[in-house]
Amino acid sequence: MKMILAILKNDDEQATIAELNKKHYFVTKLSSTGGFLKQGNTSLLIGVDDNKVDEVCGILKKMSGMRNEVQCLSSYAGTDSMYPGVSTPYPIDVQEGGVTIFVLPVEQCYKI
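Owing to the predicted nature of the structure, the values given are computational and were not obtained by experimental measurement. (Residues numbered from 1 in each chain as written. Predicted model: local features only at pLDDT ≥ 70, side-chain atom pairs only at ≥ 80, totals over all residues. Heavy atoms only, no water.)

Caption draft 1: Broad picture of the pairing of strand β1 (residues 2-9). Looking at chain direction, β1 and strand β3 (residues 39-48) are connected through eight bridges and run antiparallel. If you follow K9 over to β3, its bridge partner there is N41. Across seven bridges, the pairing between β1 and strand β6 (residues 99-105) is antiparallel. Looking at the pairing, L5 lines up with F102 of β6. (Pairing = 2+ DSSP bridges. Helix = DSSP H or I, 4+ residues; strand = E, 2+ residues; numbered from the N terminus.)

Encoded structure:
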């Protein structure tokens with residue numbers, strides 16, 4: 001048996017848990033904070049049989065993995081501009097998401 005500890009962005013939490021539950025995996029959710037920007041994260045604890053580790057990791061990657069998204073930033077025209085005080089939106093590609101997965105051995109598990 002293995003314990004999978006997955007740390008993912010709060011934005012990906014609901015869809016990831018829903019997908020795991022749909023495949024009959026039970027999840028314990030812990031709120032956590034950390035990382036470079038001290039943003040809110042969700043830590044998931046998932047106990048699985050050894051032969052199910054790859055399937056669960058695939059679900060985690062699909063639902064919470066890194067992806068590119070387009071976000072619009074505004075450039076502000078200063079007083080030297082032909083149109084002072086006007087902001088112009090422009091799209092940029094930003095990497096979003098990401099999940100860190102730890103697979104830990106479990107020597108014993110009791111459901112009491």
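Caption draft 2: Structural view of the nonpolar core. If you look at the biggest cluster of nonpolar residues, it comprises 14 residues, and the most contacted ones within it are L20, L44, I46, V56 and L60. Of all the elements in the fold, those that place two or more residues in this core are β1, α1 (10-22), β3 and α2 (53-64). Ranked by the residues each element gives to this core, the list is headed by α2, at five residues. Not counting residues up to four positions away in its chain, the partners in contact with L60 are I4, A6, T16, L20, L44, I46, G65, V99 and I101. (Core = buried A, V, L, I, M, F, W, Y, C linked by side-chain atoms within 4.5 Å. Buried < 20%, exposed > 50% of the residue type's maximum accessible area, 1.4 Å probe, protein only. Contact = heavy atoms within 4.5 Å.)

Caption draft 3: Geometry of the environment of N41. Topologically, N41 is positioned in strand β3. With relative accessibility at 16%, the residue N41 sits in the buried group. If sequence neighbours within four positions are ignored, N41 has contacts with I7, L8, K9, N10, L30, S31, S32, T33 and G34.

Caption draft 4: Inspection of α1 at higher detail. The end-to-end C-alpha distance of α1, which contains 13 residues, comes to 19 Å, matching closely the 18 Å that a straight helix rising 1.5 Å per residue would cover. Looking only at α1, the buried set comprises D12, E13, T16, I17, E19 and L20. Residue H24 follows α1 closely and has a positive phi angle near 70°. (Expected span 1.5 Å × (residues − 1).)

Caption draft 5: Quick peek at the side chain of T42. In this fold, T42 is placed in strand β3. Those residues in contact with T42 that lie beyond four places of it in its chain are A6, I7, L8, N10, E13, K29, L30 and S32.

Caption draft 6: How the structure looks around the pairing of β3. Relative to β3, strand β2 (residues 28-34) runs antiparallel, the two being bridged by seven bridges. When the bridges of β3 are listed, G34 appears paired with Q39.

Caption draft 7: Structural view of the packing of α1 against α2. Axis separation between α1 and α2 bottoms out at 9 Å; the angle between their running directions is 145°. Crossing handedness for the pair α1 and α2: right-handed. On α2, the residues that touch D12, A15, T16, E19 and L20 of α1 are V56, I59, L60, K62, M63 and S64. Across the contact of α1 with α2, the residue classes break down as six nonpolar, two polar and three charged. (Axes fitted to C-alpha atoms, helices over the stretch in contact; angles between N-to-C directions. Left-handed = near helix turned anticlockwise from the far one by under 90°. Nonpolar A, V, L, I, M, F, W, Y, C, P; charged D, E, K, R; others polar.)

Caption draft 8: Quick look at the pattern of salt bridges. Within the structure shown, the criterion is met by three salt bridges. A salt bridge links E19 to K22, with the nearest nitrogen and oxygen atoms 3.3 Å apart. Of this pair, E19 and K22 both sit in helix α1, three residues apart, which is roughly one turn of that helix. Where E19 meets K62, a salt bridge forms, and the shortest distance between an N and an O atom there is 3.7 Å. (Salt bridge = Lys/Arg side-chain N within 4 Å of Asp/Glu carboxyl O.)

Honestly, it's all geometry; don't read function into it.
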